[in-house]
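Overview (structure and organization)
Chain by chain, the residues:
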Amino acid sequence: MTTERQWKPIRTYQDILFDFYEGIARITINRPRYRNAFTPLTAQEISNALLVCRETPEIRVVVLTGAGDKAFCSGGDMHVKGRGGYVGGDGVPRLNILDVQKQIRSLPKPVIAMVNGYAIGGGHVLHVVCDLSIASENAIFGQTGPRVGSFDAGFGSSYLARIVGQKKAREIWFLCRQYSAQEALDMGLVNKVVPADRLEDEVVEWAKTMMQHSPLALRMIKAGLNAELDGQAGIQELAGDATMLYYMTDEAQEGGKAFLEKRKPEWDKFPFLP
Ligand code: S0N
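A quick note: this is a predicted structure, and the numbers were derived from the prediction, not measured.

Describing the site of the ligand
As a matter of local geometry, the ligand sits amid 25 residues, with S74, Y86, I97, G122 and T144 nearest to it. Measuring from an oxygen atom of the ligand, one finds a side-chain N or O atom of R33 at 2.9 Å. Here a nitrogen atom of the ligand and a backbone polar atom of M78 are 2.9 Å apart. Burial of the ligand by the protein chains amounts to 72% of its free accessible area of 1,100 Å². Because more than half of its atoms lie within 2 Å of the grid, the ligand is assigned to the largest pocket.

In structure tokens:
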């Protein structure tokens, strides 16, 4: 049985739940009636919650999941699929889930997908872009794009191929089959499969293990793993982290101090390591 935890709400939204427990922020897509399909509003809310996760030092690990026991996320909400994207309350078509994908990848903290049922279409891509995926035994994975008139040729294809290989990624997209949690595990698409009633316990355990480790080391590893795949954008992020680290040194402080004190910087007092 799952351990009872006192998750505390962080902020109230319409389509998602956002709560906190001992260093872990949990974002739950809360549209079980539609198998947790997302609309532009859902994506906007997840994006906002991810920003809070980035800015809040007490949040060390982020968990993304879906409400109920049937679905993690079934992708874009077909009811609002229009020409040019998914149409929100303002009548404007958007593909703003793509911004969420980028945010998950660039968040300098680990993100775990807690896959509690169907991860389908754009919902499958969401778990793919998370750092780790832990699935319940009843989870089902798959892309549907070519069957329902959509596709994700970005992370949803290229990053998927880096995970499962080119042949398997093409199979997943071209045939639009569904795969069991065990099949997903066998192809390296998820990190672990557990009984449904152990899912949250397992995720919390993984999060707590990571929280015992150096946050900066985790951040740099994530940036490095991304940079290898993301070209200039990935290098830009890794370089930003390097700059942040440099600014923490006395050497970097000396440059600014010398400027303000109208003197030459004394670079010689800093170590020049081989
Ligand atoms: C998930 C499935 C397999 C679950 O089957 P099950 O358990 O038999 O339930 P159903 O009876 O089918 O569903 C229950 C109710 O939920 C509604 N529903 C389910 N999925 C959706 C959905 N995606 N949108 C809207 N409603 C949904 C059902 O209609 C049903 O309602 P009622 O009771 O009224 O009949 C099964 O439901 C399924 O196959 N769902 C569709 C999954 C799918 O095809 N998803 C892909 C959607 N498209 C994308 O994700 C586009 C890709 C994308 O996101 C993207 C890509 C690139 C760039 C941008 C984007 C972007 O969108 O932003």
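Thoughts on the layout of surface pockets
By volume, the largest pocket is sized at about 690 Å³. For the lining of the largest pocket, the elements supplying multiple residues, two or more each, are strand 6 (81-82), strand 7 (85-87), helix 2 (97-106), strand 10 (118-120), helix 3 (122-129) and helix 4 (145-148). Considered class by class, the residues forming the lining of the largest pocket number 15 nonpolar, 15 polar and five charged.

Points about unusual backbone geometry
Phi at N36 takes a positive value of approximately 60°, unusual for a residue other than glycine. Summarising the element assignment, N36 is placed in the loop between strand 3 (24-29) and helix 1 (40-55). We classify N36 as buried; its relative accessible area is 0%. Even without being a glycine, K262 presents a positive backbone phi close to 55°. Following the sequence through the fold, K262 ends up in the segment after helix 10 (250-260).

Observations regarding the sheet that holds strand 13 (residues 179-180)
With respect to topology, four strands assemble into an open sheet ordered 5-10-12-13, the strand pairing being mixed. Two strands close off the open sheet at either side, each with one partner strand: strand 5 (71-73) and strand 13. Across two bridges, strand 5 lies against strand 10 in parallel orientation. Within strand 10, the residue paired with A71 across the bridge is Y118.

Focus: a nonpolar patch on the surface
Together, Y246, Y247 and W267 line one region of the surface with nonpolar side chains, adding up to about 360 Å² of accessible area. Checked against the element boundaries, W267 lands in the segment after helix 10. Accessibility expressed as a relative area gives 39% for W267, which makes it partly exposed.

Some thoughts on the packing of aromatic side chains
The final tally for this structure, using the stated rule, is four aromatic pairs. Between Y246 and Y247, the ring centres sit 6.4 Å apart and the planes meet at 45°, which makes this aromatic pair tilted. On the accessibility criterion, Y246 (38% relative accessible area) is partly exposed. The ring of W7 carries the charged tip of R26 above its face, separated from the ring centre by 4.0 Å. When the ring centre of Y159 is taken as reference, the NZ or CZ atom of R105 above it lies at 4.4 Å.

Quick look at the pairing of strand 9 (residues 111-115)
Most of strand 9 sits inside the fold, with five of its five residues counted as buried. Here strand 9 shows two buried faces, one formed by V111, A113 and V115 and the other by I112 and M114. Taken together, the three bridges between strand 4 (residues 61-66) and strand 9 define a ladder with parallel strand orientation. Looking across to strand 9, one finds that V62 is bridged to V111.

The rules behind these values
Residues numbered from 1 in each chain as written. Predicted model: local features only at pLDDT ≥ 70, side-chain atom pairs only at ≥ 80, totals over all residues. Heavy atoms only, no water. Near = heavy atom within 4 Å. Polar contact = N/O pair within 3.5 Å; in protein donor to acceptor, adjacent residues only side chain to side chain. Areas by Shrake-Rupley, 256 points an atom, 1.4 Å probe, with all protein chains shown as cover. 1 Å grid on protein atoms, 1.4 Å probe; cavity = no way out; pocket = protein on both sides within 12 Å on 5 of 7 lines; lining within 4 Å. Sits in = over half its atoms within 2 Å of the grid points. Points joined across faces, edges and corners; volume = space filled by probe spheres on them. Helix = DSSP H or I, 4+ residues; strand = E, 2+ residues; numbered from the N terminus. Nonpolar A, V, L, I, M, F, W, Y, C, P; charged D, E, K, R; others polar. Buried < 20%, exposed > 50% of the residue type's maximum accessible area, 1.4 Å probe, protein only. Pairing = 2+ DSSP bridges. Patch = residues over 30% accessible without salt bridge, like charges linked within 9 Å, V, L, I, M, F, W, Y side chains within 5 Å. Salt bridge = Lys/Arg side-chain N within 4 Å of Asp/Glu carboxyl O. Phe/Tyr/Trp six-rings, centres within 6.5 Å; stacked < 30°, edge-to-face > 60°. Lys NZ or Arg CZ within 6 Å of the ring centre and 35° of its normal.

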